[in-house]
Amino acid sequence: MPYVAVTISKSVPDDFAGRLSQLVSEYLHKPEKYVMVSVNKVDVMVFGGVPDPCAFVDVRALGMTPAETNYKEFSKVLSALVEEQAGVKADRIFLNFGEVERSNWGWNGTTFG
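Attention in this report is confined to the structure presented alongside it. (Residues numbered from 1 in each chain as written. Predicted model: local features only at pLDDT ≥ 70, side-chain atom pairs only at ≥ 80, totals over all residues. Heavy atoms only, no water.)

1. Some thoughts on the nonpolar core
Of all hydrophobic cores here, the largest spans 22 residues; its most connected members are L20, V24, V59, F74, L78 and V82. Contributions of two or more residues to this core are made by β1 (3–8), α1 (16–28), β3 (55–62), α2 (71–86) and β4 (93–100). Non-local contacts of V82, meaning those with residues more than four positions away in its chain, are made with I8, F16, A55, V57, G87, V88 and I93. (Core = buried A, V, L, I, M, F, W, Y, C linked by side-chain atoms within 4.5 Å. Buried < 20%, exposed > 50% of the residue type's maximum accessible area, 1.4 Å probe, protein only. Helix = DSSP H or I, 4+ residues; strand = E, 2+ residues; numbered from the N terminus. Contact = heavy atoms within 4.5 Å.)

2. Digging into unusual backbone geometry
Both trends apply: most residues other than glycine have a negative phi, and most peptide bonds are in trans. Here H29, not a glycine, exhibits a phi torsion of approximately 55 degrees, which is positive. Locating H29 in the fold gives a position in the loop between α1 and β2 (36–41). For H29, a relative accessible area of 70% corresponds to the exposed category. Here N108, not a glycine, exhibits a phi torsion of approximately 55 degrees, which is positive. Using a relative accessible area of 64% as the deciding quantity, one classes N108 as exposed.

3. Thoughts on α2
The end-to-end C-alpha separation of α2 is 21 Å, in line with the 22 Å expected for 16 residues at 1.5 Å each. Every buried residue belonging to α2 is among F74, L78, S79, L81, V82, Q85 and A86, and all of these are buried. Buried residues in α2, looked at end-on, bunch into an arc of 160 degrees, giving them a common side. Within α2, the exposed residues directed more than 90 degrees away from the buried face are K72, K76 and E84. Two or three places before K72, at the start of α2, stands the capping residue N70, its side-chain oxygen 3.2 Å from that residue's backbone nitrogen. With its phi angle positive at about 75 degrees, G87 sits one or two positions after the end of α2. (Expected span 1.5 Å × (residues − 1). Arc of directions from axis to C-beta. Polar contact = N/O pair within 3.5 Å; in protein donor to acceptor, adjacent residues only side chain to side chain.)

4. Quick look at the sheet that holds β3
Taken in spatial order, the 4 strands make up an open sheet running β2-β1-β3-β4, and their pairing is mixed. Since the sheet does not close on itself, it has two edges, and those belong to β2 and β4, each with one partner. Within this sheet the neighbouring strands show an average axis-to-axis angle of 10 degrees, counted without direction. One ladder, built from 6 bridges, connects β1 with β2; its direction is parallel. Residue pairing in the sheet places A5 in a bridge with S38 of β2. This element, α1, spans β1, β2 and β3 of the sheet and lies at about 140 degrees to β2. Against the sheet, α2 makes contact with β1, β3 and β4, and its axis sits at roughly 135 degrees relative to β4, the strand it touches most. (Pairing = 2+ DSSP bridges. Axes fitted to C-alpha atoms, helices over the stretch in contact; angles between N-to-C directions.)

Shown next as structure tokens:
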């Protein structure tokens, strides 16, 4: 189900991953027990040739089609959380959204399709 990978150039609060998990669960209407979040703090990350704080947020999920998910609104909501919790300005965050085919998503020794 939903997987969110955040690569970020600065430290985040201890509860950042939990807050992100809850937000994604609520926004995508998926049970939080199926949401996975990883946060990778990197020492060097440059955006626009400048090493100021920046982040990349990659969201993948089953059934997250553009018809069912307002990517513009989701981008706004996710960026606001990263800016509020980690202090990275929204104009220094790239986001990627990807719908995954059910047959390409595995869990518990099988796939969903």
